[in-house]
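# Notes for the structure review
Each chain is listed here by its residues.
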Amino acid sequence: MATPSTQNSPYKLRNSGDRLFFEKNGETISPWHDIPLFADSENKTVNMVVEIPRATNPKMEVSKDEQYNPIKQDVSKGKPRMIADVPPFKGYPCNYGALPQTWESPDINDTKTGIPGDDDPLDVCEIGDRESYCGEVKRVKPLGAFAVLDEGETDWKVVAIDVNDPLAPKLSDIQDVEDSFPGYLDSLKTWYRVYKVPDGKPENDIALGGKVEGSKFAFDLIERCRAEWEKFRKGYPG
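These figures come from a predicted structure and were not determined experimentally.

## Some remarks on the overall build of the protein
- A tally of helices and strands in the protein yields three helices and 14 strands.
- Each principal axis of the C-alpha distribution contributes one length, and for the protein these read about 45 × 45 × 35 Å.
- The 238 residues of the protein split such that 50% are buried.
- By element, 48% of the accessible surface of the protein is carried by carbon and sulfur atoms, the whole surface being about 11200 Å².
- For the protein, the distance from the average site of its 31 positive side-chain charges to the average site of its 42 negative ones is 1 Å.

## Here we look at the state of the cysteines
- Counted under the stated rule, the structure contains zero disulfides.
- No disulfide involves Cys125; its sulfur sits 3.8 Å from that of Cys94, the nearest cysteine.
- Assessed through its relative accessible area of 0%, Cys125 is described here as buried.
- Sulfur of Cys225: no disulfide; nearest cysteine sulfur belongs to Cys125 and is 14 Å away.

## Quick look at the nonpolar core
- Counting residues in each nonpolar core, the largest one holds 42 residues, and the members touching the most others are Phe22, Ile71, Tyr92, Phe146, Trp191 and Tyr192.
- For this core, the elements supplying multiple residues, two or more each, are strand 2 (19-24), strand 5 (45-52), strand 6 (60-62), strand 12 (137-150), strand 13 (153-162), helix 1 (174-180) and helix 2 (184-194).
- For Phe146, the contacting residues outside a window of four places in its chain are Asp155, Trp156, Lys157, Val159, Leu188, Lys189, Tyr192, Ile206, Lys211 and Val212.
- Membership of the second largest hydrophobic core comes to 19 residues, among which are Met48, Val158, Leu221 and Cys225.

## Concerning the pattern of salt bridges
- Evaluated as defined, the whole model comprises 25 salt bridges.
- A salt bridge links Lys216 to Asp220; the shortest N-O distance between them is 3.2 Å. In this pair, Lys216 and Asp220 are both assigned in helix 3 (residues 215-234), four residues apart and thus about one turn of the helix distant.
- Overall, Lys216 belongs to the exposed group, its relative accessible area being 63%.
- Assessed through its relative accessible area of 42%, Asp220 is described here as partly exposed.
- A network of salt bridges, in which partner residues are shared, links Glu126, Arg130, Glu136, Lys138 and Asp162.

## Some words on helix 3
- Helix length check: helix 3 (20 residues) gives 29 Å between terminal C-alpha atoms against 28 Å at 1.5 Å per residue, within 8%.
- Of all the positions in helix 3, only Ser215, Phe217, Ala218, Phe219, Leu221, Ile222, Cys225, Glu228 and Trp229 are classed as buried.
- Taken together, the buried residues of helix 3 touch strand 10 (95-99), strand 11 (122-126), strand 12 and strand 13.

## Some points on the environment of Ile108
- With respect to the secondary-structure elements, Ile108 resides in the loop between strand 10 and strand 11.
- On a C-alpha basis, the gap between Ile108 and Glu228 in space is 9.8 Å, while along the polypeptide they are 120 residues apart.
- The contact partners of Ile108, leaving out residues within four places of it in the chain, are Pro116, Gly117 and Glu228.

## Things to note about the layout of surface pockets
- Here the largest pocket is characterised by a volume of approximately 500 Å³.
- Lining the largest pocket are 23 residues; nearest its centre among them are Lys59, Glu61, Asp118, Asp120 and Asp155.
- Every element with two or more residues in the lining of the largest pocket is listed here: strand 6, strand 10 and strand 13.
- When residues in the lining of the largest pocket are grouped by element, the largest group, three residues, is from strand 13.
- Its residues assigned to classes, the lining of the largest pocket shows six nonpolar, no polar and 17 charged.

Cut-off values and rules
Residues numbered from 1 in each chain as written. Predicted model: local features only at pLDDT ≥ 70, side-chain atom pairs only at ≥ 80, totals over all residues. Heavy atoms only, no water. Helix = DSSP H or I, 4+ residues; strand = E, 2+ residues; numbered from the N terminus. Buried < 20%, exposed > 50% of the residue type's maximum accessible area, 1.4 Å probe, protein only. Areas by Shrake-Rupley, 256 points an atom, 1.4 Å probe, with all protein chains shown as cover. Lys, Arg positive; Asp, Glu negative; His and termini not counted. Charge placed at Lys NZ, Arg CZ, Asp CG, Glu CD. Disulfide = S-S within 2.5 Å. Core = buried A, V, L, I, M, F, W, Y, C linked by side-chain atoms within 4.5 Å. Contact = heavy atoms within 4.5 Å. Salt bridge = Lys/Arg side-chain N within 4 Å of Asp/Glu carboxyl O. Expected span 1.5 Å × (residues − 1). 1 Å grid on protein atoms, 1.4 Å probe; cavity = no way out; pocket = protein on both sides within 12 Å on 5 of 7 lines; lining within 4 Å. Points joined across faces, edges and corners; volume = space filled by probe spheres on them. Nonpolar A, V, L, I, M, F, W, Y, C, P; charged D, E, K, R; others polar.

In short, shape yes, function no, at least from these values alone.
In structure tokens form, the structure reads like this:
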């Protein structure tokens, strides 16, 4: 696993074999618990920890159960997990990652779907033009969200744009995405519905009839998942 340059970031990456650890000021930190959620609360931008760069296939993820929560490749049936290509996309259709200091609780029913959360940090799909790198911490602007029902769990996907993307000033809500990229959101939802089929698994469902909620809902969701993380963190030993 290559370690990219992080010269302009306060966070440094340390490659330790098949694990990618995060450091700040010379100390190892958790990308889930120690990186703040909000980059700029007044301007409503949040930090995103990139796990899977757009157009790549390895299923990388924050390891929730290890000390310092490094990023590692998921394993399925004893082998490193790879995501199949689902046309028209190569690998992942977006820069994919997690919002730090959030958690979708498996112990309560989601307020929209009525189905418990997936026990993970809140996922984010960053739709900007630049391909990110694994472990990048970037500031993004949430635009909306949709819910994937994956193996009986609610798995929200926040749709966001890198604040430094050339189109970021034009995108403030989910309708702006549809106006700028006609059909993209439908393609994204289709991808999340079928991407596990090549592995022999059934299709996922997109909750709420496929509706993509707007930016106000996305921020409410983020705040709710932050509150759930705070409760979870109080009982977390690591």
